[in-house]
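Per-entry structural report
Single-letter residue listing:
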Amino acid sequence: MSNTRKLFYGITGFYLFGIALLVVIFGFGHKNNSFQIQNEFKLINWVHLGVFSINRAVVYLFIAAILTIATMVWIANRMQQRPNKVQTAVEVLYSLMRDNITRGNMDDSLAAKWFPFLGALFLFIWYSNLIGYLPLPTNSQEKFNILGAHIPSFALYAATANISVPLVLAAVVFVVFNWEGIRSQGPIGYIKSLIPSGVSGGILLLIFPLEVISTFMRLLSLTIRLFANILAGHMIILFMAGGLAVILGLTFLGWFTLPFGILIYLFELGLVATLQAFIFATLAAIYIGGAVTHH
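Here the structure is a predicted model, which is why all the values come from computation and not from measurement. (Residues numbered from 1 in each chain as written. Predicted model: local features only at pLDDT ≥ 70, side-chain atom pairs only at ≥ 80, totals over all residues. Heavy atoms only, no water.)

Another aspect to go through is the overall build of the protein chain. Check the secondary structure of the protein chain and you find seven helices and two strands. If you list the helices and strands of the protein chain from N to C, you get α-α-α-α-β-β-α-α-α. When each of the 295 residues of the protein chain is scored for burial, the buried share is 35%. The contacts in the protein chain between residues at least 6 apart in sequence include a share of 70% that link residues at least 24 apart. Surface exposure of the protein chain reaches about 17,100 Å², of which carbon and sulfur atoms provide 72%. (Helix = DSSP H or I, 4+ residues; strand = E, 2+ residues; numbered from the N terminus. Buried < 20%, exposed > 50% of the residue type's maximum accessible area, 1.4 Å probe, protein only. Contact = heavy atoms within 4.5 Å. Areas by Shrake-Rupley, 256 points an atom, 1.4 Å probe, with all protein chains shown as cover.)

What follows deals with the packing of helix α5 (residues 164-193) against helix α6 (residues 204-248). The contact between α5 and α6 brings their axes to 8 Å, and the two run at 155°. It follows that α5 is roughly antiparallel to α6 by the angle criterion. α5 and α6 meet at a crossing whose hand is right-handed. Contact with α5, carried on its side by Pro-166, Leu-167, Ala-170, Ala-171, Val-173, Phe-174, Phe-177, Asn-178 and Ile-191, involves Phe-208, Thr-215, Phe-216, Arg-218, Leu-219, Leu-222, Thr-223, Leu-226 and Phe-227 of α6 and no other residues of that element. Of the residues in the contact of α5 with α6, the class split is 14 nonpolar, three polar and one charged. (Axes fitted to C-alpha atoms, helices over the stretch in contact; angles between N-to-C directions. Parallel < 35°, antiparallel > 145°, perpendicular 65-115°, else oblique. Left-handed = near helix turned anticlockwise from the far one by under 90°. Nonpolar A, V, L, I, M, F, W, Y, C, P; charged D, E, K, R; others polar.)

This part takes up the packing of aromatic side chains. All told, the structure shown has nine aromatic pairs when counted by the stated rule. Judged by centre distance (6.2 Å) and plane angle (80°), the rings of Tyr-133 and Tyr-265 are edge-to-face. One end of the pair, Tyr-133, is in the loop between α4 (108-131) and β1 (136-146); the other, Tyr-265, is in helix α7 (residues 251-291), and 132 residues separate them in sequence. With relative accessibility at 0%, the residue Tyr-133 sits in the buried group. Exposure remark for Tyr-265: the relative accessible area of 22% places this residue in the partly exposed category. Geometrically, the ring pair formed by Phe-174 and Phe-216 is tilted, given 5.2 Å between the ring centres and 40° between the ring planes. Highlighted residues: Phe-174 in helix α5 and Phe-216 in helix α6, separated in sequence by 42 residues. When its relative accessible area of 48% is taken as the criterion, Phe-216 is described as partly exposed. Grouped by ring-pair contacts, the aromatic residues Phe-174, Phe-177, Phe-216 and Tyr-287 constitute a single cluster. Its end group placed over the ring of Tyr-157, Arg-56 keeps NZ or CZ at 4.3 Å from the ring centre. (Phe/Tyr/Trp six-rings, centres within 6.5 Å; stacked < 30°, edge-to-face > 60°. Lys NZ or Arg CZ within 6 Å of the ring centre and 35° of its normal.)

A cluster of nonpolar residues, Ile-203, Leu-206, Leu-210, Ile-213, Met-217, Leu-220 and Ile-224, forms a patch on the protein surface that exposes about 640 Å² of accessible area. Secondary-structure assignment places Ile-213 in helix α6. Residue classification places Ile-213 among the partly exposed residues on the basis of a relative accessible area of 48%. (Patch = residues over 30% accessible without salt bridge, like charges linked within 9 Å, V, L, I, M, F, W, Y side chains within 5 Å. Salt bridge = Lys/Arg side-chain N within 4 Å of Asp/Glu carboxyl O.)

Moving on to the pattern of salt bridges. If you walk through the whole model with that rule in mind, you get four salt bridges. A salt bridge links Lys-113 to Glu-180, with the shortest nitrogen-to-oxygen separation between them at 3.1 Å. Here Lys-113 is found in helix α4, whereas its partner Glu-180 is found in helix α5, with 67 residues between them in sequence. Classification of Lys-113 as partly exposed rests on a relative accessible area of 40%. Arg-183 is the partner of Glu-180 in a salt bridge, and the nearest nitrogen-oxygen pair spans 2.7 Å. Placement of the pair is Glu-180 and Arg-183 together in helix α5, with a separation of three residues, close to one helical turn. Overall, the relative accessible area of 0% leaves Glu-180 in the buried class. On the basis of relative accessible area, Arg-183 is assigned to the partly exposed category, the value being 46%. One network of salt bridges, with partners in common, ties together Arg-98, Asp-99 and Arg-103.

Pasting the structure below:
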C-alpha cells in the first residue's frame, strides 16, 4: 500500500472515529431554538451619535479605508529601481487596475481621469471583503470573560455583507457615470445616447422607458451582486463551521461539516473576495465608458 493511500485511510479513520466518539459522548441532542444565525450579522451601536453612531460595520469601513490609503502611500514612498517582492506584487495589482479594469473599458484620456477613482474603489471593496474573513472580537451579543473583562466573541463579519454599504457605493457609481455622460454629451445628447441606434418611430415609446429603467436597474445589480455574494459566503461558512450543528443540537455534525467549512472559507478568501471587487470596479468602468459614447 502506498504512503498516500495509508495517509488517506488514516485521515478517514480518524474522521469517522471523531464522529462516533461525539455521538457516544453527546448523543443526538435536541434542536436549539435560542440560536438565530441572522443575529450574527446584527449591528449593535457601540457609540450612540444618532445617524453617526458607530457599530462594527462602521469600524470595518474605517479599517478598509485606512488600509487602502496607508498601504498605497507606504508603497509609493518606497518605490525602488529594482523592486522587491512587495513592490512587484503591488505593480501587478496596479497593472490589473490600470489595464484590465480602466483602459479595457474606456479610451486612454478618460482612463487617465478616472483611474484614481476606479483604483480606489477596487482596493476599498477588496480590503472590505478581505478583512471580513478575519476573525475579530466584534460580536457584541456573545462575550467571554478574561480576568473580569467581558470581551466580545470573535466573529467573521464583512461590511459589504450589509446591504447599505454596497448600495452607497453603487449610488456613487450611478451619480458618477450619469454626470460624466451629461458633461460629455450634454443633457439632450446623453438622453439620446440611451436609445439604441436604428430605433425610431412608435417603438421608441416602448424602448426608451425600458432603457431608462435599465439604467436605474444598475443600482440594484451592483448592490445585490456584491451584497448577496459576500453575505451568502459568510452564512455558508458559519453553517459549515458549527452553526448547523448548534441549530440542530447535533454535536457530531459540526465535526462532519468542519472540513467543508474550511474549504469554503479558503475559496471565499482566495477567490470570491477579489473577484467581487474586480467585477464591481469593472462594471463601474464599463458604465463610465459607455456614458460618453454617442452610439
